[in-house]
Amino acid sequence: MNFPMRWLDGIQAVTFDAGGTLLEPWPSVGHVYSDVAACYGRKNISPVLLNRRFAGAWRANKNFDHTRADWRRLVDQTFAGLFTEPPGPALFDALYHRFTEPDVWRVFEDVFPTLETLRRRGLKLGIVSNWDERLRPLLRRLHLDGHFETVVVSIEAGCTKPAPDIFHQAAARLNVPASAMLHVGDSPAEDLAGARAAGMSGVLVNRRAEASSGAVVTTLAELASSLAAPGADASTD
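Residues numbered from 1 in each chain as written. Predicted model: local features only at pLDDT ≥ 70, side-chain atom pairs only at ≥ 80, totals over all residues. Heavy atoms only, no water.

Participant: How do you make sense of the overall build of the chain when you look at a structure like this?
Facilitator: Of regular secondary structure, the chain possesses 11 helices and 8 strands. By the compact-globule yardstick of 18 Å for 237 residues, the chain fits well, its C-alpha radius of gyration being 19 Å. Taking the principal axes of its C-alpha atoms as reference, the chain extends roughly 65 × 35 × 30 Å. A total of 237 residues make up the chain; the buried ones form 49% of that total. By sequence separation, contacts in the chain at least 24 residues apart represent 65% of the contacts at least 6 residues apart. Here the chain has roughly 11100 Å² of accessible surface; of this, 51% comes from carbon and sulfur atoms. (Helix = DSSP H or I, 4+ residues; strand = E, 2+ residues; numbered from the N terminus. Rg over C-alpha atoms; globule rule 2.2 N^0.38 Å. Buried < 20%, exposed > 50% of the residue type's maximum accessible area, 1.4 Å probe, protein only. Contact = heavy atoms within 4.5 Å. Areas by Shrake-Rupley, 256 points an atom, 1.4 Å probe, with all protein chains shown as cover.)

Participant: What am I meant to see in the side chain of Asp 110 here?
Facilitator: Structurally, the position occupied by Asp 110 is in the loop between β3 (105–107) and α6 (111–120). Overall, the relative accessible area of 12% leaves Asp 110 in the buried class. Only 3.1 Å separates the side chain of Asp 110 from the side chain of Thr 219, close enough to count as a polar contact. Among residues more than four places away in sequence, those in contact with Asp 110 are Arg 207, Thr 219, Leu 220 and Ala 221. (Polar contact = N/O pair within 3.5 Å; in protein donor to acceptor, adjacent residues only side chain to side chain.)

Participant: What is the right way to read the sheet that holds strand β4 (residues 124–129) from this model?
Facilitator: The parallel open sheet is built from 6 strands, whose spatial order is β5-β4-β1-β6-β7-β8. The open sheet is flanked by β5 (150–153) and β8 (216–217), the only strands paired with a single partner. By the bridge criterion, 4 bridges tie strand β1 (residues 13–16) to strand β6 (residues 181–185) in an arrangement that is parallel. Paired with Ala 13 across the strands is Met 181, a residue of β6. With respect to the sheet, helix α9 (residues 164–174) is in contact with β1, β4, β5 and β6, its orientation differing from that of β5 by roughly 160°. Of the strands in this sheet, β6 and β7 (201–205) touch helix α10 (residues 188–197), which is tilted by about 160° from β7. (Pairing = 2+ DSSP bridges. Axes fitted to C-alpha atoms, helices over the stretch in contact; angles between N-to-C directions.)

In structure tokens, the structure reads:
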């Protein structure tokens, strides 16, 4: 599927969300939590159960600013009721550190080919992510950082998606007007609505969808096939 060219004509830069768009925890958050908890005497906790509890705690959190204190509350909520006592600082610190290590993350297969294609076409690339201080070193360890001209992280930007300002910071760093930018992410509220509120185009990637439709693609490769080089005829590569 190619996007209608009226959407993409004039795009000079593409920004990406990080988690869920470029990379994901591997095999899952629940597996990592279960493995680390076992090292602290909390053995045989089902990863499936922890995934379900983490998802519920994540949905229940409002105004999550990705501070260390926010993550501590989320971990406590995920494990609440599973032990006679809360997880404690040692287990939390171990979990927090574990997610800095590249082996618990997977870069989606369509990411590197897409980034290389877009860079060859002369498009500027960036990341706009709700994350903390662990993102930049993680991008380096996953060999992703060299593909982007700027990385805007919410903990540094002082605001989180969908606030327009975090997108505007990316536009300023890339020296491209918001109207000439496309943002790609997996959250309708944070990525699609946020980008559009900032005056940018927006596309959602949903790799579990059966087919692309509207502003949704099932793979980043579909996006790459629709973006021409800046200033090029839309029908050419």
